[in-house]
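# Tertiary structure, described
The lines below spell out each chain.
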Amino acid sequence: MPANLPAEAERALAKYQVARTIEEKIRALEEALSLIPDHKGTEKLRGRIKRRIAELRREAERKASLRAVRRDYFHVPKEGAAQVVLIGAANSGKSSLLRALTNARPQVTHYPLTTTTPVPGMMLYDGVEIQLVELPAILTEDLEETQFTNRSIGFSKNADLILIILNGARDPASQLEKILEIYDESGVSFRRKRCEIEIEKKDSGGIRLVVFGSIRGDVKEVEDLLRSIGIRNAVVKVRGEASIEDFEEAVIREMIHKRALIAVNKIDQAAPGALDDVRSIAGEIPVVAVSAERGAGLDDLRKAIFESLNLMRIYTRKAGATSDKPIILPRNSTVKDLAEVIHKDFAERMKYARVWGRSVKVQGQRVGPDHVLEDGDIVEIKI
Ligand SMILES: Nc1nc2c(ncn2[C@@H]2O[C@H](COP(=O)(O)OP(=O)(O)OP(=O)(O)O)[C@@H](O)[C@H]2O)c(=O)[nH]1
Ligand SMILES: [Mg+2]
């Protein structure tokens, strides 16, 4: 329960709310931290502020390293239906997996830090081209950061999926913990986003919550959190299912949400229980066990990559003939979305469609533009 804060601490937090540069933000938070007494009631708030400071420092470092180095050689144009990055500690088997899953032939050695630039390759999954990019190791084998950490993490923020490769032969759970910590400090969350929170600060009227959905946990705690950082009057709109962490993100941190998948490699050399340890800290992130060397678990991994990307394949039919190259769309797309991808006018001109596949009860069923499609459906659009 956040106690009432000293007035100077509140002033420092108010400064943070209006700070523009990273340096100003860090200074305001450091000042606030020094003014907030350290006891049970302020523990959570102090923790939040410390995490935010770490995150801001990392951002500042990343910006500095981008200025120092030419960006170009770290750039890989996106190709195919989606881009997936392989990230992990040195020698975890990223290059070996890239070789096993794609046409790329990166160098594999038993020396650490062999890969020093991003290496792309293309994986074909049931007719869908998915680009995999190995990024230079973000940790040494002893879990220290490398000269590539900032740039590899920065690159991965633009990917559609982050594939975390753990070395199963070397305490994979510790690697995962460290990797999750770095991402957290870099402002990346792997929790699924279930809500939108909008905070409009006001001059009076206290804190008013407008909820379209639900709040998991105690409303009082939300109000205390807002007050603890100096927001006393505001209209807070919540859409979806929000937890206290979501509010924390909305007011103190600026997290981006990313999809992730974990592959525990070298499972042929893993200690008993290592996989369970990984699962226990993976939270919502799915875990697959593989061995690049033995070729074990690779089909499961391919499938998990495709599933995690949340894509679907739609085949179009015209005059009785079905295309063999699918159109790739995000899951839950509608017939209208499909028509828009085919041609801009098509969506406006379409009258109805016939659909074969899992999204319909009767094969060849007639549906409208708002009909939600499923992976593998065949669609004939009628104008
Ligand atoms: N036992 C075993 N060894 C593996 C497996 N996968 C890779 N290795 C070995 O692990 C070492 C490192 O493999 P790489 O694929 O080069 O690892 P990396 O993650 O790309 O390494 P860096 O690019 O240096 O960060 C090599 O000696 C591989 O032969 C596996 O599944 N089992
Ligand atoms: Mg490599």
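Residues numbered from 1 in each chain as written. Chains lettered and ligands numbered in written order. Predicted model: local features only at pLDDT ≥ 70, side-chain atom pairs only at ≥ 80, totals over all residues. Heavy atoms only, no water.

## Structural notes on the site of ligand 1
Counted only if it meets this: Here a residue is near a molecule or strand as soon as one of its heavy atoms is found within 4 Å of it. Any pair of nitrogen or oxygen atoms within 3.5 Å is treated as a polar contact; in protein, a donor-acceptor pairing is required on top of that, and neighbouring residues in sequence qualify only through side-chain atoms on both sides. Shrake-Rupley sampling with a 1.4 Å probe provides the accessible areas, and residues are treated as covered by the protein chains on show and by no other component. A pocket here means an open set of points on a 1 Å grid, computed over the protein atoms alone, that has protein on both sides within 12 Å along at least five of seven lines. A cavity is instead a set of points where a 1.4 Å probe fits but cannot get out; residues with an atom within 4 Å of a point line either one. Throughout, a molecule is located in a cavity or pocket provided that more than half of its atoms lie within 2 Å of its grid points. A run of H or I in DSSP counts as a helix once it spans at least four residues, and a run of E counts as a strand once it spans at least two, with each numbered from the N terminus. Think of it as three bins: nonpolar holds Ala, Val, Leu, Ile, Met, Phe, Trp, Tyr, Cys and Pro, charged holds Asp, Glu, Lys and Arg, and polar takes everything else, Gly as well.
Close contacts around ligand 1 come from 24 residues, with Lys 94, Ser 96, Leu 113, Thr 114 and Asp 268 the closest. Here an oxygen atom of ligand 1 and a backbone polar atom of Ser 95 are 2.8 Å apart. Contacts to ligand 1 include Leu 113, whose backbone N or O atom sits 2.8 Å from an oxygen atom. Notes on ligand 1: free accessible area 650 Å², of which the protein chains cover 92%. Among the cavities detected, the one that contains ligand 1 is the second largest pocket. Sort the elements by how many residues they give to the shell around ligand 1 and helix α4 (residues 94-101) lands first, with 3 residues. Among the residues forming the shell around ligand 1, the class breakdown is 7 nonpolar, 12 polar and 5 charged.

## Thoughts on the sheet that holds strand β4 (residues 161-167)
Stated precisely, the cut-off is as follows: Two strands are counted as paired when DSSP detects at least two bridges linking them. Axis lines are fitted to C-alpha atoms, over the contacting stretch for helices. Their N-to-C directions set the angle, which ranges from 0 to 180 degrees.
Pairing within the open sheet is mixed, and its 6 strands lie in the order β2-β3-β1-β4-β10-β11. Among the strands making up the open sheet, the edge pair consists of β2 (119-125) and β11 (287-289). This sheet shows a mean twist of 25° between the axes of neighbouring strands, independent of strand direction. Looking at chain direction, β2 and strand β3 (residues 128-134) are connected through 7 bridges and run antiparallel. Pairing of Tyr 125 across the sheet is with Val 128, part of β3.

## Let's talk about the coordination of the magnesium ion (ligand 2)
Spelled out, the test is: Atoms of type N, O and S within 2.8 Å of a metal are treated as its donors, and for Na, K and Ca the window is 3.2 Å; water is not considered, so some sites may appear to be missing partners. For each residue, the accessible area found with a 1.4 Å probe, counting protein chains only, is set against the maximum for its type, and the residue is called buried under 20%, exposed over 50%, and partly exposed in between.
Surrounding the magnesium ion (ligand 2) are the protein donor atoms Ser 95 (OG), Thr 115 (OG1) and Glu 134 (OE), at 2.1 to 2.2 Å. Positions of the donor residues of the magnesium ion (ligand 2), expressed as sequence spacing, correspond to S-x19-T-x18-E. Highlighted residues: Thr 115 in the loop between α4 and β2 and Glu 134 in strand β3, separated in sequence by 19 residues. Across the pair, Glu 134 and Thr 115 agree in class, each one buried.

## Comments concerning helix α11 (residues 335-342)
Basically, it comes down to this: Note that the arc is defined by the directions from the helix axis to the C-beta atoms. Residue contacts follow a heavy-atom distance rule, with two residues in contact if any of their heavy atoms lie within 4.5 Å.
Taken as a whole, α11 has its buried residues at Val 335, Leu 338 and Ala 339. Buried residues of α11 fall within an arc of 100° about the axis and therefore sit on the same side. Looking at the buried positions of α11, the neighbouring elements they touch are β12 (311-318), β14 (327-330), α12 (344-349), β15 (352-356), β16 (365-367) and β17 (378-382).

## Topic: the pairing of strand β1 (residues 82-88)
The buried count for β1 comes to 7 of 7 residues, which makes it a mostly enclosed element. Burial of β1 is two-sided: the residues Ala 82, Val 84, Leu 86 and Gly 88 facing one way and the residues Gln 83, Val 85 and Ile 87 facing the other way are all buried. Bridge count for β1 against β3 is 5 bridges, and the pairing is parallel. Bridged to Val 85 within β3 is Val 133. With 5 bridges joining them, β1 and β4 adopt parallel strand pairing. From the neighbouring strand, Leu 86 faces β4, where its bridge partner is Leu 163.

## A closer look at the domain arrangement of the protein chain
Filter applied, for reference: Domain extents, as shown, originate in an automatic or database domain assignment.
When cut into domains, the protein chain gives domain 1 (81-146 + 159-176 + 258-309), domain 2 (191-253) and domain 3 (311-382). Each of domain 2 and domain 3 has a C-alpha centre, and the two are 39 Å apart.

## A look at the sheet that holds strand β6 (residues 195-201)
Pairing in this open sheet of 3 strands is mixed, and the strands run β6-β8-β7 from one edge to the other. The open sheet is flanked by β6 and β7 (207-215), the only strands paired with a single partner. Neighbour-to-neighbour, the strand axes of the sheet open up by a mean angle of 5°, direction not taken into account. Bridge analysis of β7 against strand β8 (residues 234-242) gives 9 bridges, and the strand direction is parallel. Considered in β8, the bridge of Phe 212 is made with Arg 239.

## Some points on empty space enclosed by the protein
Condition: Grid points are joined across faces, edges and corners, and a volume is the space filled by probe spheres set on the points.
Evaluated as defined, the whole model comprises 2 cavities of 30 Å³ or more. Quantified by volume, the largest cavity comes out at close to 70 Å³. Contributing to the lining of the largest cavity are Glu 55, Arg 58, Glu 59, Arg 62, Asn 150, Ile 153, Lys 157, Glu 185 and Ser 186. Of all the secondary-structure elements, those providing two or more residues to the lining of the largest cavity are α3 (43-68) and α5 (149-156). The leading source of residues in the lining of the largest cavity is α3, at 4 residues. Broken down by class, the residue content of the lining of the largest cavity amounts to 1 nonpolar, 2 polar and 6 charged. Taken together, Ala 89, Ala 90, Glu 141, Leu 143, Asn 167, Arg 170 and Gln 175 form the lining of the second largest cavity.

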